[in-house]
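Now for the letters of each chain:
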Amino acid sequence: MEIKNKYEITKEIISEFMKRAMRILVIYSFVIGAIALVLSVVLYRDGSRLLLGMVTASGVICLITGFIIVPYTVKEHMKQIEALHGKKKSQSSVTFTEEGIFLSEGDSSIKREYSNIIRVYETKNLWMLMFGKYIGIPVKKDAFTKGSEKEFRRLMKKVLPKNTKGMELL
């Protein structure tokens, strides 16, 4: 069985991928920033000005990080794609077989083993096969050129390790 997924790599795909992959980092940034600002109020009442300044600055930095980390990462990723491919559109082709995943983009291609996938995410338009916290392969739901999303899900249930997080989404 062979399933193919082919799509143009766009800012929207990268953005959707990064928003989901970095969700925990963004949440932590907001939570730590909020805690720091609440602690700042307590420190203000106690009169500890130096500590107040450090904690307030830390809180503000965490909150700003939560807001800018995803857009900044998307921007940098798009710069890398442009550096690799120039102004021409970058096409990604992912082929799934029982032997592995074959990914090609431009003149580059790699083969990955299913055993390396540690997590599966689903977003509105993508399946995300993650090899690390922020590294993975986006699979566009409406871009199957051979096979279907249903066949893709069936194959993933068969070939992914049983301890892969997110298997219940398939």
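Everything here concerns the structure above.
Residues numbered from 1 in each chain as written. Predicted model: local features only at pLDDT ≥ 70, side-chain atom pairs only at ≥ 80, totals over all residues. Heavy atoms only, no water.

**Q** Any chance you could explain the sheet that holds strand β7 (residues 136-140) here in plain terms?
**A** What links the strands of a sheet is backbone hydrogen bonding, and the strands pair in either a parallel or an antiparallel sense. Read across the sheet, three strands follow the order β5-β6-β7 without closing on themselves; strand pairing throughout is antiparallel. Only two strands of the sheet have a single neighbouring strand rather than two, namely β5 (119-122) and β7. Within the sheet, the average angular offset between the axes of one strand and its neighbour, ignoring direction, is 20 degrees. Here β5 runs beside strand β6 (residues 126-130); their pairing, made up of four bridges, is antiparallel. (Pairing = 2+ DSSP bridges. Helix = DSSP H or I, 4+ residues; strand = E, 2+ residues; numbered from the N terminus. Axes fitted to C-alpha atoms, helices over the stretch in contact; angles between N-to-C directions.)

**Q** Would you mind going over the packing of helix α2 (residues 23-46) against helix α3 (residues 49-85) with me for this structure?
**A** Think of two packed helices as two axes; the pair is described by the angle between the axes and how far apart they sit. For the pair α2 and α3, the least separation of the axes is 8 Å and the interaxial angle reads 160 degrees. When the axis of α2 is compared with that of α3, the two are roughly antiparallel. Of the two elements, α2 crosses α3, and the hand of that crossing is left-handed. Among the residues making up the contact of α2 with α3, the classes are represented as 19 nonpolar, seven polar and one charged. (Parallel < 35°, antiparallel > 145°, perpendicular 65-115°, else oblique. Left-handed = near helix turned anticlockwise from the far one by under 90°. Nonpolar A, V, L, I, M, F, W, Y, C, P; charged D, E, K, R; others polar.)

**Q** Could you clarify how one ought to interpret the packing of aromatic side chains in this entry?
**A** Centre-to-centre distance and the angle between the planes together describe a pair of aromatic rings. For the coordinates displayed, the defined rule picks out four aromatic pairs. Taken together, a centroid distance of 4.9 Å and an interplanar angle of 70 degrees make the contact between Phe 30 and Phe 67 edge-to-face. Within this pair, whereas Phe 30 is found in helix α2, its partner Phe 67 is found in helix α3, the two being separated by 37 residues in sequence. Seen in terms of ring centroids, Phe 144 and Phe 152 are 5.6 Å apart; in terms of plane orientation they differ by 45 degrees. Their pairing is tilted. Neither residue differs from the other here; Phe 144 and Phe 152 are each classed as buried. (Phe/Tyr/Trp six-rings, centres within 6.5 Å; stacked < 30°, edge-to-face > 60°. Buried < 20%, exposed > 50% of the residue type's maximum accessible area, 1.4 Å probe, protein only.)

**Q** So what exactly am I meant to see when it comes to the layout of surface pockets here?
**A** Empty space among the atoms becomes visible once a probe the size of a water molecule is rolled across them. Considering only enclosed or pocket space, the largest pocket measures out at about 690 Å³ in volume. Lining the largest pocket are 28 residues, and of these Ile 9, His 77, Leu 103, Glu 105 and Gly 136 lie nearest its centre. Elements represented by at least two residues in the lining of the largest pocket include exactly α1 (11-21), α3, β3 (101-105), β4 (108-112) and β7. Top element by residues in the lining of the largest pocket is α3. It accounts for five residues. Residue composition of the lining of the largest pocket, by class: 15 nonpolar, nine polar and four charged. As a volume, the second largest pocket reaches approximately 320 Å³. Lining the second largest pocket are Ala 21, Ile 24, Leu 25, Tyr 28, Ile 118, Arg 119, Tyr 121, Met 130, Gly 132, Lys 133, Tyr 134 and Lys 165. Broken down by secondary-structure element, the contributors of at least two residues to the lining of the second largest pocket are α2 and β5. At three residues, α2 tops the list of elements feeding residues into the lining of the second largest pocket. (1 Å grid on protein atoms, 1.4 Å probe; cavity = no way out; pocket = protein on both sides within 12 Å on 5 of 7 lines; lining within 4 Å. Points joined across faces, edges and corners; volume = space filled by probe spheres on them.)

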